[in-house]
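# Structure at a glance
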Amino acid sequence: MTRGRIRARLRRSHLYTFSCLKPSTVEEAPHPLQGPGFSRTVYCNQPLLHEKKPLYYCRNDISTTKYNVLTFFPKALFEQFRRVANIYFLLAACLSASPISPFSPLSMIAPLAFVVGLSMAKEALEDSRRFVQDVKVNRRKVNRHKSDGAFGPRSWQSIMVGDVLKVKKDQFFPADLLLLSSSYEDGICYVETMNLDGETNLKVKRSLEATLNLDNDEVFKDFAGTIRCEDPNPNLYTFVGNLEYERQIYPLDPSQILLRDSKLRNTEYIYGVAIFTGHDSKVMQNSTKSPSKRSTIEKKMDYIIYTLFTVLILISVISSIGFVIKTKYQTPTWWYLRPDNIEYQYDPKKVGVAGMSHLVTALILYGYLIPISLYVSIEVVKVLQATFINQDIQMYDEETGTPADARTSNLNEELGQVDTILSDKTGTLTCNQMDFLKCSIAGTAYGVRSSEVELAAAKQMASDLEDQDSDLSNFPLPKAKMQVSWDNVKKDEEIGLDAVVTSKGDDDQKRAIKGFGFEDDRLMNCNWLKEPNADDLLMFFRILAVCHTAIPELNEETGVFTYEAESPDEGAFLVAAREFGFEFCRRTQSSIFIHERFSASRQVVEREYKLLNLLDFTSKRKRMSVIVRDEEGSIFLMCKGADSIIFDRMSKNGKMYLEATTKHLNEYGEAGLRTLALAYRKLDEQEYSAWNNEFHKAKSAVGADRDSMLERVSDMMERELILVGATAVEDKLQKGVPQCIDNLAQAGLKIWVLTGDKMETAINIGFACSLLRQGMKQICITTPVSDSVASDVKQAIKDNISNQLTNASQMIKLEKDPHAAFALIIDGKTLTYTLEDDMKHQFLALAVDCASVICCRVSPKQKALVTRLVKQGTGKTTLAIGDGANDVGMIQEADIGVGISGVEGMQAVMASDFAVAQFRFLERLLVVHGHWCYKRIAQMICYFFYKNIAFGLTIFYFEAFTGFSGQSVYDDWYMILFNVVLTSLPVISLGVFEQDVPSEVCLQFPALYQQGPKNLFFDWYRILGWMGNGLYSSLIIFFLIVTIFYDQAFRADGQIADMAVVGTTMFTCIVWAVNCQIALTMSHFTWIQHLFVWGSIATWYIFLLLYGMLSPEYSKSAYQILAEALSPAPIYWITTLLVSVTCNLPYFVHISYQRCFYPMDHHIIQEIKYYKKDIEDQHMWTRERSKARQETKIGFTARVEAKIRQLKGRLQKKQTMTISAPS
């Protein structure tokens, strides 16, 4: 008991050599905080001082929404009127209030208000979800010092700069804090930063020794201090500041700073002072504002609107010029118009006024060229598409009960045009779990269970080997001999495949142990004692159980120890040691206790290993060692680390198992496993004592070279090692990740991985995901080591990096092997330079030439900057996917952001456009829904413009035909119903239900996806083609009908057709033509499409009948027009049939010719499915599927193809030797 509370018994800093401990005798000089960027002053425990200027700092509440109460209306209206069509209709609505408008103001204002209101309501709904999440975060509770040493709960949003906080185990830090003390005596605490950098291993933080006495609530009654430090900035890994406390100034560095959104682990509590709050905190400085995203198709639609608007102005000007000519030269002679008493807009003496007034009339009259209902229809269609995405049972995760969630429907079609995927690693590709899977001990491989990568590759190879016989027929060998040789190779491979596939067979029958996926009876239940190298096996297990920094925790319910380790690898090693019979059970300040079991009877012996020294792991050392004394008094150095590091430090007699172990390590690497080598060295007492004296001298040294001295002394001891073996741990990928990446690669998508993990971890995951493979040439771009910040040194570093980029690009260009693949691997420090303006395009050019790109050690800000570079530099659609707060910037910066509903909060999901529960669902989201939505929206928009051009131009033709009088040939109700009722539902059914191929075919033929990125259905050739079709239809409809009805008896009594009959017949032909056109466009019919298409035509006749039955006061010239005028006249029905067929004939001929001579991929598949060849001829179906793969160099298919090429090469070499042998 110390100062009224129980203290942790361990001084944890004694366990660390490099990362935590500073010699207590050393007091570093304070940082010289001068100049701009170092103006922040924080008065500890006096938050009210920061309420006044100039110390007024932002509060701790955050907002990630696009709008607030004040900005919603102006910003949302701005978003709506970024659409040029809405601007036009706003002007038209204003002009409709004038007396020269051909329509009433209500008929123009109501549709615009409906469209804009609906879109704004959707924006408000989507943003409200972000608001709810913000409120949830802001209302989290944390203990804050109130006064007189009393702490009480306070919401995060109320925290102020200078507040003293008490954060308990497994809580998130509410702000950026200065660590004052912790539950450990020496101020050590463990922090998980997965939300910041994606890493799951724990970081060690330490407080200043001067504040260690602030170790309970009461002492804060009189606590005061002043922090002077850097201003808010996004740099996660740097901090410069000083603490003035008790008349002393102490320098601060990043090891004392606890960042917001990181989590306290393995420590009961800590005390800290808030330095940066709210949007000043480093994680929020790394965030970006919620952007307003518009799809590529919607942006292009603006250009189409511009084109149509130009056409609208052109024909309006032509109409006005014609009207002016008629008014000036012919109106005075038309006595029946009373030219002596004429209105100003027809006055021949004021042709300028007449022309302008007619121009306004024409602009409103021809407004049907620009379809306002297009936006409403697209909004409705996208919402329904999003509903289908949400309800797709194939994207429902049963384990968590989480469905897919289309959080915005604006970008549905963009899903079908993705070129590059930028993915986070931890929690996105992996599930933060390590499983001990295999090991190599004394040159013998143990572990029969296969990794997920091996299983995925085995399934692919098993199917691919079936198709190889025909491919080998080109070899110049006798057929019988060739067949025997190939069969032998196939037999060898299939033996391996059988082992791979069957190794999972009994998986469900065995007890699932988290962190332990090992299966091999030779080592289990003490059977290892029967092995020939039992002494080596014993040392292997003891290294696993002793060489670590973990803390054991006994689960009282199960009686089993679990481990709080700094990294998941270390936890997996300890679980493996426990299952092998070497259970780590207790740690004291100076000893490690192991329960060792040497028989299957479960009798255990507790052995104590005195911990003499611990040389901890750093990214530079790539190894860790412990020096221990066993119960017999022998001293051992036990070491585990990267194989390249361990192999270089072995003694001559320690290389006995080197060759076999190297072979096994290569096999484990090919299987996507993370590997470490294990070695030891026995020390004599005199040697250890001499070294230990040197070690303590280095540890107590004063000066900047202390760490380098420690490294040198440690390196002296970590020599002359004896290799024992190697471990192979599987970084558990999320279910289906290798298959998903493979199929996305076959769909032609490029995949980049952006992770905060260290380079070795990122490379291991690259192999596990098949983004990397054996034989792929890795290009590692790194920064030369330099501690200087001088400008000339920075320039030298940039020149060095530029040379690396140039040499790599040159190497790719000079590569002559068509199957060669390159992978670019770059770290965050190097990215700092390569993302600068003078180098970023050189970096991007190299990255685009590589098959895969892995960026490691990147900050959240760098993730966003890389995403922006790819998006802007390539000009193609990018998709970012992640699960944590550190991925928010990347998700918001990409054209499409996808959030994974992970275990670490919902920040990524709340910032995303789409959310899925697992990475594997991304394949279906893109390849199925993306493909469908792109084609649906593209065809829908093209059809919309077609039908409005076909309809709108007939009004212009009639205008010209009637002396530019401003008279419409159609009844007002016809024009209102055209877009609202008679053509709206068929086009919505096209946008919602159309399928060129079924979902399972989309997945079987991933190359179909490339129709989206290549924009085959919304390029200018297709858009202008549809516009030309509309122009052709308008000409046929108007002039064919006018020609037929001109000077022609319409009724049996010889009467000719009047304007009402001509207009109604023309409108009937339009309704038939455009609805037949959409029926020809559809590939997939359900009863809904049939109902909407043919029902729309039937609705026209029903309306015409009912409208004609109204009183002439309402129906005007349409009174009884169908019953009495049109239906009895055969010419009406013949004309309808003739015009409808003539309008659709060119399109029918075009698609028939295309399908016969230049079919697209989906045309071929449609015919195969229609004639059921996929069932009757499986060989042909398989052949067509193999053709549908985009050529790719990543994914396990590429890995299998490389393996098959290797087998063929071996076979061909063997056959060549067989032929040459007799000669």
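A brief report on the enclosed structure follows.

Here is what the cut-offs are and how they apply
- Residues numbered from 1 in each chain as written.
- Predicted model: local features only at pLDDT ≥ 70, side-chain atom pairs only at ≥ 80, totals over all residues.
- Heavy atoms only, no water.
- Pairing = 2+ DSSP bridges.
- Helix = DSSP H or I, 4+ residues; strand = E, 2+ residues; numbered from the N terminus.
- Buried < 20%, exposed > 50% of the residue type's maximum accessible area, 1.4 Å probe, protein only.
- Axes fitted to C-alpha atoms, helices over the stretch in contact; angles between N-to-C directions.
- Patch = residues over 30% accessible without salt bridge, like charges linked within 9 Å, V, L, I, M, F, W, Y side chains within 5 Å.
- Areas by Shrake-Rupley, 256 points an atom, 1.4 Å probe, with all protein chains shown as cover.
- Salt bridge = Lys/Arg side-chain N within 4 Å of Asp/Glu carboxyl O.
- Phe/Tyr/Trp six-rings, centres within 6.5 Å; stacked < 30°, edge-to-face > 60°.
- Contact = heavy atoms within 4.5 Å.
- Polar contact = N/O pair within 3.5 Å; in protein donor to acceptor, adjacent residues only side chain to side chain.
- Expected span 1.5 Å × (residues − 1).
- Arc of directions from axis to C-beta.

Further remarks concern the sheet that holds strand 3 (residues 150-155). Strand order in the open sheet made by the six strands is 3-2-4-13-5-11, with antiparallel pairing throughout. Every other strand in the sheet has two partners, leaving strand 3 and strand 11 (257-258) as the edge strands with one partner each.

A few words on the pairing of strand 21 (residues 591-597). In terms of residue burial, strand 21 counts as a mostly covered element, since seven of its seven residues are buried. Neither face of strand 21 is left uncovered, since the one carrying S591, F593, H595 and R597 and the one carrying I592, I594 and E596 both have all their residues buried. Pairing of strand 20 (residues 582-587) with strand 21 involves five bridges; the strand directions are antiparallel. From the neighbouring strand, R587 faces strand 21, where its bridge partner is I592. Of the strand pairs in this sheet, strand 21 and strand 22 (residues 604-615) are connected by seven bridges, and their pairing is antiparallel. By the bridge assignment, R597 is partnered in strand 22 with V604.

Within strand 9 (residues 241-245), four of the five residues are buried, leaving the element largely enclosed by the surrounding structure. For strand 8 (residues 225-229) and strand 9, the ladder comprises four bridges, and the chain directions are antiparallel. Bridge pairing in strand 9 links T226 to E244. Summarising the sheet, strand 9 and strand 10 (residues 248-252) pair through five bridges and their orientation is antiparallel.

The strand order across the open sheet formed by three strands is 7-6-12, and the pairing between neighbours is antiparallel. The outermost strands of the open sheet, each flanked by one partner alone, are strand 7 (203-206) and strand 12 (263-265). The sheet shows a mean angle of 45° between the axes of neighbouring strands, direction not considered. Of the pairings in the sheet, the one linking strand 6 (residues 188-192) to strand 7 comprises four bridges and is antiparallel in character.

A cluster of nonpolar side chains, I313, V317, I321, I325 and Y329, forms an exposed patch at the surface whose accessible area comes to about 470 Å². Looking at the secondary structure, you find V317 in helix 6 (residues 296-329). Exposure remark for V317: the relative accessible area of 35% places this residue in the partly exposed category.

Centre distance and the angle of the planes are the two values used to describe a pair of aromatic rings. In this structure the tally under the stated criterion is 53 aromatic pairs. Relative to F541, the ring of W528 lies with its centre 5.4 Å away and its plane at 75°, an arrangement referred to as edge-to-face. In this pair, W528 is assigned in the loop between helix 11 (479-502) and helix 12 (534-546) and F541 in helix 12, connecting sequence segments 13 residues apart. Here the aromatic rings of F540 and F541 are separated by 6.0 Å at their centres, their planes lie at 80°, and the arrangement is edge-to-face. A relative accessible area of 0% means that F541 is categorised as buried.

Checked against the element boundaries, R260 lands in the loop between strand 11 and strand 12. Under the relative-accessibility criterion, R260 is labelled buried at 1%. A sequence separation of 88 residues divides R260 from F172, and the C-alpha atoms of the two residues are 7.1 Å apart. When near neighbours in sequence (up to four residues on either side) are disregarded, R260 contacts N60, I62, V137, W156, F173, P174, A175, D176, L196, G278, S281 and V283. In terms of polar contacts, R260 uses its side chain to reach the backbone carbonyl oxygen of P174, at 2.9 Å.

In this model helix 15 (residues 658-670) runs 18 Å from its N-terminal to its C-terminal C-alpha over 13 residues, within 8% of the 18 Å that 1.5 Å per residue would give. For helix 15, the full list of buried residues reads T661, H664, L665, Y668 and G669. Taken around the axis of helix 15, the buried residues stretch over an arc of 140°, which confines them to a single face. Of the residues one or two after helix 15, G672 is the one with positive phi, at around 80°.

Looking now at the pattern of salt bridges. Counted according to the given criterion, the structure contains 42 salt bridges. A salt bridge links R649 to D715, with the nearest nitrogen and oxygen atoms 2.6 Å apart. Taken together, the residues R649 in the loop between helix 14 (643-647) and helix 15 and D715 in helix 17 (residues 706-717) connect sequence positions 66 residues apart. Grouping residues by exposure puts R649 and D715 together as buried. In this structure, E667 engages K663 in a salt bridge whose closest nitrogen and oxygen atoms are separated by 2.8 Å. Here K663 and E667 lie together in helix 15, a separation of four residues that amounts to about one turn. Taken together, the shared-partner salt bridges in this structure form one network comprising R623, R649, E711, D715, E718 and R719.

No statement about biological role is implied by the geometric values presented.
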